[in-house]
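Topology and contacts: notes
For reference, the chains in residue letters:
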Amino acid sequence: MAPTTTIHDLPTELIWMIVGNLDIVSRMHLRGSCADINNRICPPTRKELIEFESTPYGFESGLFACANCIRLLPKEMFAENLTVHQRAKRRSSSTTRFCLECGTYPDHCPPLYSVEDHITIKSKLSVVCHICCEFKEGKAGERKGTVRVFGMLGIFTVNMARR
């Protein structure tokens, strides 16, 4: 029986040649196929992610590109004003869109969102708290509502009524 060869047996240079002939959607699917291939293919650039989100697959999946952390994330991970009008998909300012996590990242200089900035998330007005620097539902100066805690798994709501 003849020995079998898989894509894992190919030299990295040959994989790069194959990847160079794929469209962005196929490259993203190939990168997601396994950790070995993901590590051997260069991550997408900001321009490629913007291109990906504008494909039919990008529209169906509801993913948006964050220009700061260079990730594809669901729409819920962005303030509403960053996914419409000039920053909507296929628009000129979509390359300046940033996710909620990047907007409140404490080491980002200058900060993208300032303390007590009002941001609409899931059709609800939220504010960056001056005490904890997290999102709270409501207007600046109000102590009631919820804290928005976000990360790789999505946005979680924590009731602030007991604080």
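Note that this is a predicted model, so its numbers are computed, not measured.

This next bit is on a nonpolar patch on the surface. Together, Leu-14, Met-17 and Ile-18 give the surface a local cluster of nonpolar side chains, amounting to about 270 Å² of exposed area. Relative to the helices and strands, Ile-18 resides in helix α1 (residues 12-20).

This part takes up the nonpolar core. Cys-66, Leu-73, Phe-78 and Cys-99 are the most contacted members of the largest nonpolar core, which totals 13 residues. If we skip the residues at most four places from it in the chain, Phe-78 touches Phe-64, Ala-65, Cys-66, Leu-73, Thr-83, Arg-97, Phe-98, Cys-99 and Leu-100.

Under the criterion given, the structure shown has 4 salt bridges. Of the charged contacts, one joins Arg-97 and Glu-53 as a salt bridge, the two residues approaching to 2.8 Å between their closest N and O atoms. Of this pair, Arg-97 sits in the loop between β2 (71-74) and α6 (100-103) while Glu-53 sits in helix α4 (residues 46-53); the two residues are 44 residues apart in sequence, bridging distant segments of the chain. Judged by its relative accessible area of 0%, Glu-53 is buried.

All chains considered together, the criterion is met by 2 aromatic pairs. Here the basic side chain of Lys-89 rests over the ring of Phe-59, its NZ or CZ set 4.8 Å away from the ring centre. The ring centre of Phe-64 lies 4.6 Å from the NZ or CZ of Lys-89, which sits over that ring.

Thresholds applied
- Residues numbered from 1 in each chain as written.
- Predicted model: local features only at pLDDT ≥ 70, side-chain atom pairs only at ≥ 80, totals over all residues.
- Heavy atoms only, no water.
- Patch = residues over 30% accessible without salt bridge, like charges linked within 9 Å, V, L, I, M, F, W, Y side chains within 5 Å.
- Areas by Shrake-Rupley, 256 points an atom, 1.4 Å probe, with all protein chains shown as cover.
- Salt bridge = Lys/Arg side-chain N within 4 Å of Asp/Glu carboxyl O.
- Helix = DSSP H or I, 4+ residues; strand = E, 2+ residues; numbered from the N terminus.
- Core = buried A, V, L, I, M, F, W, Y, C linked by side-chain atoms within 4.5 Å.
- Buried < 20%, exposed > 50% of the residue type's maximum accessible area, 1.4 Å probe, protein only.
- Contact = heavy atoms within 4.5 Å.
- Phe/Tyr/Trp six-rings, centres within 6.5 Å; stacked < 30°, edge-to-face > 60°.
- Lys NZ or Arg CZ within 6 Å of the ring centre and 35° of its normal.

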